[in-house]
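Residues per chain are reported as follows:
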Amino acid sequence: GEKVEQHESTLSVREGDSAVINCTYTDTASSYFPWYKQEAGKSLHFVIDIRSNVDRKQSQRLIVLLDKKAKRFSLHITATQPEDSAIYFCAATNYGNEKITFGAGTKLTIKP
Amino acid sequence: EAAVTQSPRNKVAVTGGKVTLSCNQTNNHNNMYWYRQDTGHGLRLIHYSYGAGSTEKGDIPDGYKASRPSQENFSLILELATPSQTSVYFCASGDAGDQDTQYFGPGTRLLVL
């Protein structure tokens, strides 16, 4: 089955700088890659996704890049703010597949 | 008006006891999921369901059963709880198709002594 590896378990950046979280996946059939955010003591919520028919997607300060050849995708958070501090999970699945495989999570800390 | 709710939010159980975790969703989603979250493992899928009456095994189903009596409700059952099942459990709902987003409940913290 699909395996998703999240390369950074922790990441610390200064407020205003950019943060990059990298993930790789194993199943070449995967076509949908969502990202979820979990703030301290809370549940997860969806933040952004990318599908395999594009290689870049932006939503405000969030940018997702997808490299299908390398089976790699990444989340870029620009102009970081304190409220960006959270655990971020990458995930992968096939279109229409009911199961999503999550990475282990990256704890992002924004330093003042 | 939270769309996915879980009960209880916290539970202490004894080894060998039976534990039932409940989940309710008002999203009218066909699919529901149970995950556990452990440090270093992220979220791992235990069971999921395509709709009322259906349950499917996820990636780590051993020691767990699931029940989906209705569109809205999905339960996770630990017949004989073990300390290794101490974890935070999340329920989620979602629909396959063009938008695969899953919506998560607040989580249940389970401690098995």
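Residues numbered from 1 in each chain as written. Chains lettered and ligands numbered in written order. Predicted model: local features only at pLDDT ≥ 70, side-chain atom pairs only at ≥ 80, totals over all residues. Heavy atoms only, no water.

### Looking at the pairing of strand 6 (residues 56-59) of chain A
Residues and elements named next belong to chain A. This is how it is decided: Think of it this way: DSSP has to see at least two bridges between two strands before they count as a pair. Put simply, DSSP marks the helices as runs of H or I at least four residues long and the strands as runs of E at least two long, and each gets a number from the N terminus on.
The pairing of strand 6 with strand 7 (residues 62-67) spans four bridges and is antiparallel. By the bridge assignment for strand 7, K57 is matched with V64. In this structure, the hairpin formed by strand 6 and strand 7 is closed by a connection of two residues, where Q60 is found at a positive phi of approximately 55 degrees.

### Description of the pairing of strand 5 (residues 44-51) of chain A
The two faces of a sheet get side chains in turn, since along a regular strand they alternate between them. Residues and elements named next belong to chain A. Summarising the sheet, strand 4 (residues 32-38) and strand 5 pair through seven bridges and their orientation is antiparallel. If you follow Y36 over to strand 5, its bridge partner there is F46. Linking two consecutive strands that pair antiparallel, namely strand 4 and strand 5, is a turn of five residues; a positive phi of about 75 degrees is found at G41 within it.

### Side note on the pattern of salt bridges
Residue and element names in this part refer to chain B. The condition that has to hold: We define a salt bridge as a contact between a side-chain nitrogen of Lys or Arg and a carboxyl oxygen of Asp or Glu at a distance within 4 Å. Working definition: with a 1.4 Å probe on protein chains only, accessible area under 20% of the residue-type maximum means buried, over 50% means exposed, and in between means partly exposed.
Taken as a whole and judged by the stated rule, the model has eight salt bridges over all chains. Of the charged contacts, one joins R36 and D38 as a salt bridge, the two residues approaching to 2.8 Å between their closest N and O atoms. Like D38, R36 is buried. A salt bridge links K65 to E79, with the nearest nitrogen and oxygen atoms 3.4 Å apart. Of the two residues, K65 sits in strand 7 (residues 65-67) while E79 sits in the loop between strand 8 (73-78) and strand 9 (87-94), which places them 14 residues apart along the sequence. Ionic contacts of the salt-bridge type, sharing partners, join the residues R36, D38 and R44 into one network.

### Some remarks on the nonpolar core
We count it as follows: Nonpolar cores were defined as sets of buried Ala, Val, Leu, Ile, Met, Phe, Trp, Tyr and Cys residues, with membership established by side-chain atoms within 4.5 Å. Any two residues whose heavy atoms approach within 4.5 Å are treated as being in contact.
Residues W35(A), F73(A) and L75(A) are the most contacted members of the largest nonpolar core, which totals 23 residues. Residue assignment for this core shows that the elements contributing at least two residues are strand 3 (19-25), strand 4, strand 5, strand 7, strand 8 (72-77), strand 9 (86-92) and strand 11 (106-111) of chain A. Ignoring any residue separated from it by four or fewer positions in sequence, one finds F73(A) in contact with I21(A), N22(A), C23(A), Y25(A), F33(A), W35(A), L65(A), L66(A), C90(A) and A91(A). Grouped together as the second largest cluster of nonpolar side chains are 18 residues, A66(B), A81(B), Y89(B) and C91(B) included.

### Some thoughts on the interface of chain B and chain A
Rules: By buried area we mean the combined loss of accessible area, with a 1.4 Å probe, across both parts when two parts are placed together.
Taken residue by residue, the interface counts 23 residues in chain B and 19 residues in chain A. Here chain B and chain A share an interface that buries about 1,700 Å² over both sides, 53% of which is from carbon and sulfur atoms. Contact with chain A buries area across many residues of chain B, yet L43(B), D100(B) and F104(B) alone supply 29% of it, more than any other trio. Where chain B meets chain A, there are one salt bridge. Residue K99(A) is joined to D59(B) by a salt bridge in which the shortest nitrogen-to-oxygen separation is 3.2 Å.

### Examining the packing of aromatic side chains
What counts is decided by this rule: Ring pairs are drawn from Phe, Tyr and Trp, using the six-membered ring of Trp, whenever the two centres fall within 6.5 Å, and their geometry is named by plane angle: stacked under 30 degrees, edge-to-face over 60, tilted for the rest.
Inspection of the entire model under this criterion finds 15 aromatic pairs over all chains. Each residue in the set Y36(A), F46(A), F102(A), Y33(B), Y35(B), Y48(B), Y50(B), F90(B) and F104(B) is aromatic and connected to the rest through ring pairs, giving one cluster.

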